[in-house]
Amino acid sequence: MQSKKHHLVVAAVILHEGEILCMQRGRTKFDYTSFKWEFPGGKIEQGETPEAALRREIREEMDMEISVDRHLVTVDHEYPDFRITMSAYFCTPINGRSFTMNEHQASRWLQPLDLKSLDWAAADVPIVAKLIERKSEKA
């Protein structure tokens, strides 16, 4: 039995004025990730730190500059065709909310407790749960 390809990826939980940026994928190679909502990010390249990868990916996907503030959670998830280890970081946009959707089909800025209203990619669900848990603890 062949082992599944494993990817190290990063995700940006971009916060601005109490809201979090959520991005919707378009059609992908796999039905189970097509049109799902996600925190933007991508694969870490050879020799790159997670923080550098996150800044690069957000610049490429969205023409947005961010500061990477602190680690939130790391998720290990196995999809039917591949596995990922995804590190999510709180990030701040350097120039406010403006960005360009180069790879996504929709976006929303939501309050943490409203995140559960979206149809999230399976690997992003634990990040959503962590954000809601943190918000509930502060309430």
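In this report, the structure presented in the accompanying data block is examined. What you see is a predicted model, and the numbers here were worked out from it, not measured in a lab.

Thoughts on the pattern of salt bridges
Opposite charge on two side chains allows them to pair when their charged atoms are near. Taken as a whole, this structure holds 10 salt bridges when the rule is applied. Close ionic contact of Arg25 with Glu38 constitutes a salt bridge, the shortest N to O distance being 2.7 Å. Of this pair, Arg25 sits in strand 2 (residues 19-25) while Glu38 is found in strand 3 (residues 37-38), placing the two residues 13 residues apart along the sequence. Accessibility expressed as a relative area gives 8% for Glu38, which makes it buried. Because the salt bridges share partners, they merge into one network encompassing Glu45, Glu48, Arg56, Glu57 and Glu60.

Quick word on the pairing of strand 6 (residues 82-93)
By the criterion of burial, strand 6 is predominantly enclosed, with 10 of the 12 residues buried. In terms of strand pairing, strand 1 (residues 5-16) meets strand 6 through 10 bridges, oriented parallel. Bridging from a neighbouring strand, His6 pairs with Arg83 of strand 6. Of the strand pairs in this sheet, strand 5 (residues 66-78) and strand 6 are connected by 11 bridges, and their pairing is antiparallel. Pairing of Val75 across the sheet is with Met86, part of strand 6. Where strand 5 hands over to strand 6, the hairpin turn is made up of 3 residues, counted between the paired strands.

Thresholds, definitions, all that
Residues numbered from 1 in each chain as written. Predicted model: local features only at pLDDT ≥ 70, side-chain atom pairs only at ≥ 80, totals over all residues. Heavy atoms only, no water. Salt bridge = Lys/Arg side-chain N within 4 Å of Asp/Glu carboxyl O. Helix = DSSP H or I, 4+ residues; strand = E, 2+ residues; numbered from the N terminus. Buried < 20%, exposed > 50% of the residue type's maximum accessible area, 1.4 Å probe, protein only. Pairing = 2+ DSSP bridges.

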